[in-house]
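Working through the structure, step by step
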Amino acid sequence: MATAEQSDFKIADAASYDPHVEDFGRFSAVLTTPLARRLIALANISADQRVLDIGTGTGIVALEAAKAVGEEGHCIGIDLSEKMLEGATANARRANLTERLEFKLMDAESLQFEAASFDVVVSLFALLHFPDPATALKEMFRVLKPGGTLVVAVGSPPRWVSWLGMKHAVTLLPELISRLLGRRLVAPEFLNRLVQESIPAEDESEESSLARASRNRTRSVTTLLRDAGFENLRQHWEGHQATMKTPEDFWDIQRTFSTIARKRLNGATPDQVAKIRAKFDELCDKALSRGGRLTYPFAALFVAARRPLQR
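Source: prediction; values computed, not measured.

**What to know about the pattern of salt bridges**
By the definition in use, this model includes 17 salt bridges. The closest approach of N and O atoms between K10 and D107, which form a salt bridge, is 2.6 Å. Within this pair, whereas K10 is found in helix α1 (residues 4–15), its partner D107 is found in the loop between β3 (101–105) and β4 (118–124), the two being separated by 97 residues in sequence. Among the salt bridges present, the one from E64 reaches R37, with a minimum N-O distance of 3.5 Å. With E64 in helix α3 (residues 60–69) and R37 in helix α2 (residues 21–43), this pair connects stretches of sequence that are 27 residues apart. Linked by salt bridges that have partners in common, D23, R26, D249 and D252 make up one network.

**Looking at the packing of helix α10 (residues 247–257) against helix α12 (residues 270–289)**
It is at 10 Å that the axes of α10 and α12 come closest, and there the two elements cross at 125°. Taken as axis vectors, α10 and α12 run oblique relative to one another. Like other packed secondary-structure pairs, α10 and α12 cross with a definite hand, here right-handed. For the pair α10 and α12, contact is made by P247, E248, F250, W251, Q254 and R255 and by V273, I276, R277, F280, D281, C284, D285 and L288, respectively. By residue class, the composition of the contact of α10 with α12 is eight nonpolar, one polar and five charged.

**Some points on the nonpolar core**
In a soluble, globular protein the nonpolar side chains are often hidden away together inside. L39, F250 and L265 are the most contacted members of the largest nonpolar core, which totals 56 residues. No other element matches α2, which puts eight residues into this core. Other than its neighbours up to four places away in sequence, F250 contacts L185, V186, A187, F190, M244, F280, C284, L294 and T295. Membership of the second largest hydrophobic core comes to 35 residues, among which are L128, L144, L225 and A305.

**Quick word on α3**
Residues spaced three or four apart along an α-helix point in a common direction, a consequence of the helix completing one turn every 3.6 residues. Most of α3 is tucked away, with eight of its 10 residues classed as buried. Packed against the buried residues of α3 are α2, β1 (50–54), β2 (74–79), α4 (82–94), β3 and β4. Positive backbone phi, at 70°, marks G70, one or two positions downstream of α3.

**Description of the packing of helix α7 (residues 189–198) against helix α11 (residues 259–266)**
Relative to each other, α7 and α11 sit at 40°, their axes nearing to 9 Å. Considering their axes alone, α7 and α11 lie oblique with respect to each other. Relative to α11, α7 is oriented so that their crossing is left-handed. Across the interface between the two elements, L191, N192, V195 and Q196 from α7 touch I260, A261, R264 and L265 from α11.

**Examining the pairing of strand β5 (residues 144–154)**
Along β5, eight of the 11 residues are buried, which leaves the element largely enclosed by surrounding structure. Bridging between β4 and β5 involves six bridges; their strand directions are parallel. Within the sheet, the bridge partner assigned to F118 lies in β5 and is L144.

**Looking at the environment of Q241**
Structurally, Q241 can be placed in strand β7 (residues 231–244). Polar contacts involving the side chain of Q241 include one to the side chain of R184, which spans 2.5 Å.

**Observations regarding unusual backbone geometry**
Of the consecutive residues A187 and P188, the connecting peptide bond is found in the cis state with omega at 0°. By the element assignment, P188 lies in the loop between β6 (184–186) and α7. A positive phi angle, close to 80°, is found at D48, a residue other than glycine. Among the secondary structure elements, D48 is positioned in the loop between α2 and β1. One non-glycine residue, F125, lies in positive phi territory at about 65°.

**Some remarks on the packing of aromatic side chains**
Considering all chains together, one arrives at 11 aromatic pairs under this definition. Plain terms: the ring middles of F141 and F230 are 5.2 Å apart, the flat faces sit at 75° to each other, and that makes the pair edge-to-face. Of this pair, F141 sits in helix α5 (residues 133–143) while F230 is found in the loop between α9 (218–227) and β7, placing the two residues 89 residues apart along the sequence. The two residues F141 and F230 agree in class, both being buried. When the centroid spacing of 6.2 Å and the interplanar angle of 25° are considered together, the rings of Y296 and F298 count as stacked. Of the two residues, Y296 and F298, both sit in the buried class. Among the aromatic residues, ring-to-ring pairing joins Y17, F24, F27, F257, Y296 and F298 into one connected group. The residue whose ring lies beneath R26 is F27, and the NZ or CZ to ring-centre distance is 4.2 Å.

Scoring rules and cut-offs
Residues numbered from 1 in each chain as written. Predicted model: local features only at pLDDT ≥ 70, side-chain atom pairs only at ≥ 80, totals over all residues. Heavy atoms only, no water. Salt bridge = Lys/Arg side-chain N within 4 Å of Asp/Glu carboxyl O. Helix = DSSP H or I, 4+ residues; strand = E, 2+ residues; numbered from the N terminus. Axes fitted to C-alpha atoms, helices over the stretch in contact; angles between N-to-C directions. Parallel < 35°, antiparallel > 145°, perpendicular 65-115°, else oblique. Left-handed = near helix turned anticlockwise from the far one by under 90°. Contact = heavy atoms within 4.5 Å. Nonpolar A, V, L, I, M, F, W, Y, C, P; charged D, E, K, R; others polar. Core = buried A, V, L, I, M, F, W, Y, C linked by side-chain atoms within 4.5 Å. Buried < 20%, exposed > 50% of the residue type's maximum accessible area, 1.4 Å probe, protein only. Pairing = 2+ DSSP bridges. Polar contact = N/O pair within 3.5 Å; in protein donor to acceptor, adjacent residues only side chain to side chain. Phe/Tyr/Trp six-rings, centres within 6.5 Å; stacked < 30°, edge-to-face > 60°. Lys NZ or Arg CZ within 6 Å of the ring centre and 35° of its normal.

Right, dumping it as structure tokens:
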């Protein structure tokens, strides 16, 4: 059972997105859709299956899953943010998918579904928001049918001791030089640094223990999955980089997706926000005047697994 502290964290974390739902949906449609489609492909969803999307947000993954299950299948997306679910429902209506897709306000660590009621469970970028990810994964295991498929994805660089990791490291060298020359600003570290310099952290933790533990989550996520009972684990890593054309978009995307920037700016005074924004714009304009770029790297470590036929 979740502690009062864990419950408070989940509610506050979900509510922190409420003022930014429009920007969340706008940026997710462009940046997250390729990763959502990769997740659905790894899940190998068939027509007529029942699919559960954990931490659905504005429904980017759920919409792709609903397309995959066809008219005979059904998809449910859950989230703890009512505002996000309102956006997801509107997106499903625009896509004419409401007959096979629904959204529910629900805690991922206490799923209100019968055991073995889904063929596939998917979750993109939600696991790091759970104060007790082990319990959430056990719940996903419980509601999956024996032989059912789970695919989760978290933000993470590739394993460094791998071909992708070495290739990724090589690409970082010229980017590091550009940063040292003041010609490249990188999200979300850029805004996080400015925010942390001006607004001290409050007593409560801003991130879950899993998010704080390591930026390379390959080992911790796979360990959690095995401990929950999953087998046949397969990994895939995919990375992209977006370039923001204006300081406005660069500000909005970081304030929306960065946990530290979002939560501290949400609780800041208008004067504090104005001062940070002025410094932010000054540094962006300086970088752009040098022919530089405002970049937002985003990547996902996907892990696909199966619930055993017997346990």
